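Structural overview
Chain residues, written in single-letter form:
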Amino acid sequence: MLIRTKAEIPSSEITPRETYMNRRAFMARAATAGVVASVAAVAGGGISRLMRPRDVEAAEKLNVVGSPLSLTGEAPTSFEDITHYNNFYEFGVDKGDPARYAGTLKTRPWAVQVEGLVKQKKTFDIDALMKLKQMEERVYRFRCVEGWSMVIPWAGYSLSEFIKACDPLPGANYVQFISLADSKTEKLPFDAGISWPYSEGLRMDEAMHPLTLLTFGLYGEVLPNQDGAPVRLIVPWKYGFKSAKSIVKVKFVKSQPETTWSVMSPGEYGFYSNVNPNRDHPRWSQKTERVIGAPIYAQRKPTLMFNGYGDQVASLYAGMDLKKNY
Ligand SMILES: Nc1nc2c(c(=O)[nH]1)N[C@H]1C(S)=C(S)[C@@H](COP(=O)(O)O)O[C@H]1N2
Ligand SMILES: [Mo]
């Protein structure tokens, strides 16, 4: 995310040739595979549930219902791009690495441990966790701190539902999320510069916000490994790195926890990391974004405060200086 960036242009801004070629090949196939039709059906209103293209091997389908929290009127990024342009440093730092290497991730058996300031420590088996609440399809904007964005139809339920089931104690002011770090099934590359496991955190009110999604799938199916299977977080008004993948532990704590990026490079990445076009990254502007899947010559799109979710989340930060608390 940062170390590989040279000069002013983040390396992430340059679509690897391979990705671009894949996309072109995909578009050609899509034209005959009915993908466009499924997207059009959504744009026309009706049932919100999206379907991935048919020319990709099917994964387990999820039972999802539509959600009023979904975006309308913005076309979702293709399944191909969502699953081949990834950041998942456990499997390598190139955007194509997760798709190439995350096949070794073992998602069963899988458990999420809950500890810290809770009435009682608990372990949730992933299959039970997936049934805890009715999953919804939530089409959200997704903005990476590197300056690119997607629109993704996630599947899951509000993290608040899970937190209620965890019975946190009144002193729990923050929640920490810890990803799997298993050298037998993950590369955990040294050149990522990360001290594993990957960890992230939210203030309790952020974690309890209805938009914050405990996520198990996309395009109506279980998450592909490269997108953080079997369970990840999605916090749509924050930069993508807040959304920890392949979570194995949730810890309720009193004080603001250390998080991977804010420890590695505190001047660049803060704890809050709300999408904010008015606070540039020290090495690049955050005013605009490159929409993944748009033609290569397309203009960058203006980035919106809180990634466009300000009406819903700005009140969480009333009175805070968001340039200081980046
Ligand atoms: N465990 C873990 N979680 C992670 C990352 C990672 O490297 N490891 N990368 C983050 C970053 S920088 C982004 S932009 C998103 C990418 O999610 P996606 O590949 O599904 O789009 O995952 C976030 N969660
Ligand atoms: Mo990111």
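Every chain's residues receive numbers from 1 upward, in the order its sequence appears when written. Chain A is the first chain written and ligand 1 is the first ligand written, with later ones labelled in order. A pLDDT threshold of at least 70 governs which residues receive local features in this predicted model, and a stricter bar of 80 or more applies before side-chain atom pairs are shown or counted, although totals over entire chains, interfaces and linings include all residues. The basis for every side-chain value is the complete set of heavy atoms in the structure, and neither hydrogens nor water enter the calculation.

**Here we look at the overall build of the protein**
What counts is decided by this rule: Helix numbers and strand numbers start at the N terminus; a helix is a DSSP run of H or I with at least 4 residues, a strand a run of E with at least 2. Only protein chains enter the calculation, and the probe is 1.4 Å; a residue is then buried if its accessible area is under 20% of its type maximum, exposed if over 50%, and partly exposed in between. It only takes one pair of heavy atoms within 4.5 Å for two residues to be counted as in contact. Computed with the Shrake-Rupley method and a 1.4 Å probe, the accessible areas treat only the protein chains shown as cover for residues.
On a plain count of helices and strands, the protein comes out with 9 helices and 13 strands. Out of the 326 residues in the protein, the part that is buried amounts to 54%. Taking as baseline every contact in the protein between residues at least 6 positions apart, the subset at least 24 positions apart corresponds to 73%. For the protein, the computed accessible surface area is about 14500 Å², with 56% contributed by carbon and sulfur atoms.

**A closer look at the sheet that holds strand β2 (residues 111-116)**
Here is the rule: Here, a strand pair is defined by DSSP locating no fewer than two bridges between the strands. To obtain each axis, a line is fitted to C-alpha atoms, and for helices this fit is confined to the stretch in contact; angles are then taken between N-to-C directions over 0 to 180 degrees.
Taken together, 5 strands build an open sheet; the order of strands is β3-β2-β11-β6-β7 and the sheet is mixed. Looking along the sheet, the strands with just one partner apiece sit at the ends: β3 (122-125) and β7 (199-203). Recorded for the sheet is a direction-independent mean angle of 20° between the axes of neighbouring strands. Note: β2 against strand β11 (residues 247-253), 4 bridges, orientation parallel. Bridge assignment links Gln113 to a residue of β11, and that residue is Lys249. In the packing of helix α6 (residues 159-166) onto the sheet, the strands contacted are β2, β3, β6 (174-179), β7 and β11, and the crossing angle to β3 comes to about 135°.

**A short note on empty space enclosed by the protein**
Threshold: Within this scheme a cavity is a closed region of a 1 Å grid, computed over the protein atoms alone, that accommodates a 1.4 Å probe without allowing it to escape, whereas a pocket is open but has protein on both sides within 12 Å along at least five of seven lines; lining residues each have an atom within 4 Å of a point. Grid points are joined across faces, edges and corners, and a volume is the space filled by probe spheres set on the points. Residue type decides the class: Asp, Glu, Lys and Arg count as charged, Ala, Val, Leu, Ile, Met, Phe, Trp, Tyr, Cys and Pro as nonpolar, and the leftover types, Gly among them, as polar.
Taken as a whole and judged by the stated rule, the model has 3 cavities of 30 Å³ or more. Looking at the largest cavity, it is lined by 23 residues, and the ones nearest its centre are Asn87, Phe88, Arg232, Gly240 and Lys245. It is strand β5 (residues 148-158) that contributes the most residues to the lining of the largest cavity, 4 residues altogether. By residue class, the composition of the lining of the largest cavity is 14 nonpolar, 5 polar and 4 charged. Taken as a whole, the second largest cavity spans an internal volume of roughly 130 Å³. Lining of the second largest cavity is provided by 15 residues; of these, Tyr239, Ser273, Asn274, Arg279 and Tyr326 occupy positions nearest its centre. By residue class, the composition of the lining of the second largest cavity is 6 nonpolar, 7 polar and 2 charged.

**Looking at the confidence of the model for the protein**
Formally: As a per-residue measure, pLDDT tells how confident the predictor is, with possible values from 0 to 100.
On average, residues of the protein carry a pLDDT of 88, and 85% of them reach 70 or more. Counting contacts from residues 2-47, a segment whose pLDDT is below 50, to residues more than four positions away or on other chains yields 61 contacts.

**Comments concerning the pattern of salt bridges**
This is how it is decided: Any carboxyl oxygen of Asp or Glu within 4 Å of a side-chain nitrogen of Lys or Arg constitutes a salt bridge here.
Enumeration over the complete set of coordinates arrives at 17 salt bridges. The residue Lys122 makes a salt bridge to Asp167 at a minimum N-O spacing of 4.0 Å. Of this pair, Lys122 sits in strand β3 while Asp167 is found in the loop between α6 and β6, placing the two residues 45 residues apart along the sequence. Classification of Asp167 by relative accessible area gives partly exposed; the value is 31%. With a shortest N-O distance of 3.8 Å, Asp280 and Lys287 are connected by a salt bridge. Assessed through its relative accessible area of 35%, Asp280 is described here as partly exposed. A single salt-bridge network, built from bridges that share partners, covers Glu74, Arg141 and Lys301.

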